[in-house]
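If you want the building blocks of each chain, they are given just below.
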Amino acid sequence: MTAYPNLLAPIELGHVTLPNRVVMGSMHTGLEDRAKNFPKLAAFFAERARGGASLIITGGFAPNIAGTLLPLASKLTTRREAKQHKVITDAVHAEGGRIALQLLHAGRYAFTPWCVAPSAIKSPISKFKPRALTSRGVEKTIDAFVRSARLAREAGYDGVEVMGSEGYLINQFLAPRTNKRTDEWGGTPEKRRRFAVEVVRRIREEVGPDFLVIYRISAVDLVPDGQTWDEVAALAREVEAAGATVLNLGIGWHEARVPTIVTSVPRAAFASYAGRLKSETSLPVIATNRINMPEVAEEILGSGDADFVSLARPFLADPEWVRKAAESRVDEINTCIACNQACLDHTFKNQRATCLLNPRAVYETELVLGPTRRSKKVAVVGAGPAGLACATTLAERGHSVELFEALDDIGGQFAIAQRIPGKEEFSESIRYFRRRIEVTGVTLHLGRRVTAAELRDGGFDEVVVATGVEPRVPSIPGVDHPSVMTYAELVRGEREPGQRVAVIGAGGIGVDVSEFLTAQPSATLDLDLWRAEWGVGDPAESRGGLTKSLVETPKHDVILLQRKASAIGKGLGKTTGWVHRAALKAKGVEQVTGVSYDRIDDDGLHVSFVAADAGAGKGKGRKAANGGKGGKGGTADGARAFRVIAVDTIVLCAGQESVRTLADELGDSGLPVHVIGGADVAAELDAKRAIRQGTELAASI
Ligand code: FAD
Ligand code: NAP
Ligand code: SF4
């Protein structure tokens, strides 16, 4: 008996029978753009097919040059290119998997000067204004889709996915926001739908019945002047009649100001749209977005809302996701925490995607973790992300590993992160490592602050120091005042904050702490509350499914400060920073930049700034350093101005220092000592670097 009968039930889809309901959704890895990288892409897909994904969808390939996301980016337009794909389709089929190629025309989202769109309206996320397609151009674009579908078939793919969501070209035709045409391709909802329907109809005519045509439908656009629900439902029926095999849901355009996949979005937040679409057509429906664990998927499938679930990033984090579910090893799943740090943030910086938690993802042929030839006895000190990744990988390779942790539990700084509202998923990583320690046979010593002498006398062949970081305490006069606490003391619940709080330091942790102090603790877990905060409404009631957001008054008044004059949150992730900035603004967090911290006393935090620089605080959501609430006002003294910020609590988020005592003491021990993670370099440390460094070291011992 399985706990996931719906998830693991076989199903007929068009001409094929699939072994389960888990589709690996399309992701651009960065390997699609050059055929010389296809063997690496093949290895990436093959590992996921072996791990149980029943149907894989590739990253997007453009049907013509105008549709590429970037100059020289992935496209499928010639027979020569089609032949180069054989290595991919053969590798997946050899593992018993199925694979469909995604056809994506970027339209006005293309970062090219030759981009096209239904109308010449620039998108807010591209610097290029598109050229409006002529009627002949529209016809030629449809022909290009058809040609690519034919080539995909020749290349051995089991089908194509027609990308009709996320605000790309087809979606641009569908919405009045971007389609202002008055010819046969716009002007009424029916005419706006014609392009999508003709693409599907003519592809089906070309490829015949025994080929999957997946239509990715934008269930809710989440932009002003997007589609109404009636329009989405009509489209579903029309693409069914045109020959689509299955509807895969897309949620929100890339330019939407509602987060749709980041970690603070509740799990399965958009699954109900799948159920609504199912009642509009007889096509099978694939639910998507923030489905990262088997129980979530099973619930959606069991409720009848969808026939399949699509997981994309979870397959980066764990290629064996399906197999582990089938073998009742769910506690071994390396759960995607939806951080975007190593996948989407890389893609948007034109770097190869991988996974913060699984650095082998998309590096399968390069980061090889085979068994060791000579088993060694290795001590790993520190069970934060770096030490955990290193210890478990070493043990998996056949080394005998002892892991020492000073605290009573594993996780290091990550254990603090999981307490931030919106980062609850991080606890899954700690659960994963806890189980992996058991599975790989690492000997874990908790509550053990190991000394250099113990390590020297312990008979170890090698020592890995992963002792991490501790909060920096800046040398501000009065920093030992009772109102001052570190972020670790605050977030761990060791100290209670007052009502008015100043946060010193506005890096990732300062922003997280500001959210900790102002967020509704349950917003990530309570879908209605989350929808209200982000203004997610019903597309049956308003175009695009947007409504007015309602934010409850936060429990604390927070002022967030930094010394730099630049905008707060600049260093945050490309795909997540805007979500944090919007949340701070919505919660009324005052943001002050360009300050010097002069002293702390019973009156609060005394800051000063260059008077001419008072404008340093200008800009959205920011205040001039000499203004704002909670202060006694500013006085100018020559070139400097002063402000006393009257607060009850001051939280230090001023970066971190490496914990290196042990590494220094072991320096002349004669033992091979490796220093990784925050203990190695504290500046710009994140879990991505810590885990990669730990894994790479383990691969080399
Ligand atoms: P640490 O996590 O500091 O772990 C070191 C461990 O060593 C600790 O458990 C410590 O107790 C132990 N130790 C120290 N000395 C000894 C000794 N002598 N003997 C035994 N044990 C010892 N990173 C991201 O990538 N993304 C995020 O979104 C993110 N959010 C964060 C939010 C918050 C609020 C915080 C605090 C951190 C966040 N981070 C995030 C940062 C991330 O957690 C750190 O970069 C990461 O934990 C560093 O890993 P590490 O293993 O090098 O060190
Ligand atoms: P950080 O990003 O380096 O920020 C440190 C902050 O402290 C900066 O705002 C800095 O700004 C300030 N600061 C530095 N030295 C100071 C001093 N002596 N006195 C006063 N202020 C000082 O580091 P962090 O916020 O501690 O985060 C640590 C790491 O965790 C980051 O590198 C980040 O990658 C990771 N993290 C990531 C996320 C995420 O969402 N991806 C979230 C949290 C943490 P000024 O010098 O301008 O004052
Ligand atoms: Fe998921 Fe983060 Fe890994 Fe991307 S980097 S796959 S979001 S855990």
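None of the values given here were measured: they were computed from a predicted structure.

Definitions and cut-offs
- Residues numbered from 1 in each chain as written.
- Chains lettered and ligands numbered in written order.
- Predicted model: local features only at pLDDT ≥ 70, side-chain atom pairs only at ≥ 80, totals over all residues.
- Heavy atoms only, no water.
- Phe/Tyr/Trp six-rings, centres within 6.5 Å; stacked < 30°, edge-to-face > 60°.
- Buried < 20%, exposed > 50% of the residue type's maximum accessible area, 1.4 Å probe, protein only.
- Helix = DSSP H or I, 4+ residues; strand = E, 2+ residues; numbered from the N terminus.
- Near = heavy atom within 4 Å.
- 1 Å grid on protein atoms, 1.4 Å probe; cavity = no way out; pocket = protein on both sides within 12 Å on 5 of 7 lines; lining within 4 Å.
- Sits in = over half its atoms within 2 Å of the grid points.
- Pairing = 2+ DSSP bridges.
- UniProt positions renumbered as here; feature names shortened; annotations may be inferred.
- Disulfide = S-S within 2.5 Å.
- Polar contact = N/O pair within 3.5 Å; in protein donor to acceptor, adjacent residues only side chain to side chain.
- Areas by Shrake-Rupley, 256 points an atom, 1.4 Å probe, with all protein chains shown as cover.
- Nonpolar A, V, L, I, M, F, W, Y, C, P; charged D, E, K, R; others polar.
- Domains from an automatic or database assignment.
- Contact = heavy atoms within 4.5 Å.
- Buried area = accessible area lost by both parts, 1.4 Å probe.
- Salt bridge = Lys/Arg side-chain N within 4 Å of Asp/Glu carboxyl O.
- Axes fitted to C-alpha atoms, helices over the stretch in contact; angles between N-to-C directions.
- Parallel < 35°, antiparallel > 145°, perpendicular 65-115°, else oblique.
- Left-handed = near helix turned anticlockwise from the far one by under 90°.
- Points joined across faces, edges and corners; volume = space filled by probe spheres on them.

Some details on the packing of aromatic side chains
Argument step 1. Summed over all chains, the structure comprises 13 aromatic pairs.
Argument step 2. Ring geometry for F270 and Y273: centres 6.2 Å apart, planes at 25°, overall stacked.
Argument step 3. On the accessibility criterion, F270 (2% relative accessible area) is buried.
Argument step 4. Look at Y273 and you get buried, because its relative accessible area is 5%.
Argument step 5. Geometrically, the ring pair formed by F414 and F426 is tilted, given 4.7 Å between the ring centres and 35° between the ring planes. Placement of F414 in helix α14 (residues 413-417) and of F426 in helix α15 (residues 426-440) is noted, with a sequence separation of twelve residues between them.

Quick word on the site of ligand 3
Argument step 1. Around ligand 3, the neighbouring residues are R313, L316, C336, I337, A338, C339, N340, A342, C343, C355, L356 and L357.
Argument step 2. A majority-of-atoms criterion places ligand 3 in the largest cavity.

Some points on the pairing of strand β4 (residues 55-61)
Argument step 1. Across the seven residues that make up β4, a large majority, seven, are buried.
Argument step 2. Here strand β3 (residues 22-24) pairs with β4 via two bridges, running parallel. Considered in β4, the bridge of M24 is made with I56.
Argument step 3. Two elements, β4 and strand β5 (residues 99-103), share four bridges in a ladder whose sense is parallel. When the sheet's bridge partners are listed, I56 is paired in β5 with I99.

Description of the UniProt feature "domain: NADH:flavin oxidoreductase/NADH oxidase N-terminal" (unreviewed entry) in the protein
Argument step 1. UniProt's feature table lists "domain: NADH:flavin oxidoreductase/NADH oxidase N-terminal" (unreviewed entry) at residues 7-331, given in the numbering used throughout.
Argument step 2. Between the C-alpha atoms that bound residues 7-331 there is a distance of 17 Å. The span itself is 35% helix and 16% strand.

A word on the state of the cysteines
Argument step 1. Within this structure, the stated rule accounts for zero disulfides.
Argument step 2. Its sulfur unpaired, C390 is 18 Å from the next cysteine sulfur, which belongs to C355.

Focus: the site of ligand 2
Argument step 1. The local shell around ligand 2 holds 21 residues, among which A506, I509, R563, K564 and L685 are the closest.
Argument step 2. Contacts to ligand 2 include A506, whose backbone N or O atom sits 2.9 Å from an oxygen atom.
Argument step 3. In this structure, L685 approaches ligand 2 through a main-chain N or O atom, which is 2.8 Å from an oxygen atom.
Argument step 4. Protein chains shield 77% of the accessible area of ligand 2, which is 890 Å² for the free molecule.
Argument step 5. With three residues, helix α18 (residues 508-518) is the largest single contributor of residues to the shell around ligand 2.
Argument step 6. Looking at the shell around ligand 2 residue by residue, the class counts come to seven nonpolar, seven polar and seven charged.
Argument step 7. When residues of the shell around ligand 2 are sorted by domain, at least three fall in each of domain 2 (377-470 + 657-700) and domain 3 (484-519 + 554-652).

Section: the domain arrangement of the protein
Argument step 1. Domain annotation of the protein identifies domain 1 (11-337), domain 2 (377-470 + 657-700) and domain 3 (484-519 + 554-652).
Argument step 2. Just the C-alpha atoms count here: the centres of domain 1 and domain 3 sit 42 Å apart.
Argument step 3. Contacts between domain 1 and domain 3 engage six residues on the former and four residues on the latter.
Argument step 4. Note on domain 1 versus domain 3: buried area summed over both sides is about 340 Å², and carbon and sulfur give 79% of it.
Argument step 5. When the area that domain 1 buries against domain 3 is broken down by residue, the three leading residues are R257, P259 and V262, summing to 88%.
Argument step 6. Inspection of the domain 1/domain 3 interface yields zero salt bridges.
Argument step 7. Our count for the contact surface shared by domain 1 and domain 3 stands at zero residue pairs in polar contact (both at pLDDT 80 or more).
Argument step 8. Of the residues in the side of domain 1 that touches domain 3, the class split is four nonpolar, one polar and one charged.

Some thoughts on the packing of α18 against helix α20 (residues 577-586)
The description of two packed helices rests on the angle between their axes and on the distance between the axes.
Argument step 1. Two elements in contact, α18 and α20, have axes whose closest approach is 10 Å; the angle formed by their N-to-C orientations is 40°. If you check the angle between α18 and α20, you find them oblique. Regarding α18 and α20, the two cross each other, and that crossing is left-handed. On α20, the residues touching V511, D512, S514 and E515 of α18 are H580, A583 and L584.
Argument step 2. Among the residues forming the contact of α18 with α20, the class breakdown is three nonpolar, two polar and two charged.

Quick look at the sheet that holds strand β14 (residues 400-404)
Argument step 1. The sheet built from five strands is open, its strands ordered β15-β14-β13-β16-β29 with parallel pairing. Every other strand in the sheet has two partners, leaving β15 (443-445) and β29 (673-675) as the edge strands with one partner each. Across the sheet, the mean angle from the axis of one strand to that of its neighbour is 20°, orientation sign disregarded.
Argument step 2. The pairing of β14 with β15 spans three bridges and is parallel. What sits directly across from E402, in β15, is T443.

Points about empty space enclosed by the protein
Argument step 1. Enumeration according to the criterion identifies three cavities of 30 Å³ or more in this entry.
Argument step 2. Its boundaries defined by the atoms lining it, the largest cavity holds a volume of some 80 Å³.
Argument step 3. Taken together, 13 residues line the largest cavity, and the ones lying closest to its centre are C336, C339, C343, C355 and L356.
Argument step 4. Counted by class, the lining of the largest cavity contains eleven nonpolar, one polar and one charged residues.

Regarding the pairing of strand β20 (residues 557-561)
Argument step 1. Taking burial as the measure, the five residues of β20 include four buried ones, the bulk of the element.
Argument step 2. Across five bridges, strand β19 (residues 500-504) lies against β20 in parallel orientation. Following the sheet pairing, I504 is matched in β20 by L561.
Argument step 3. Summarising the sheet, β20 and strand β21 (residues 590-592) pair through three bridges and their orientation is parallel. Paired with I559 across the strands is E590, a residue of β21.

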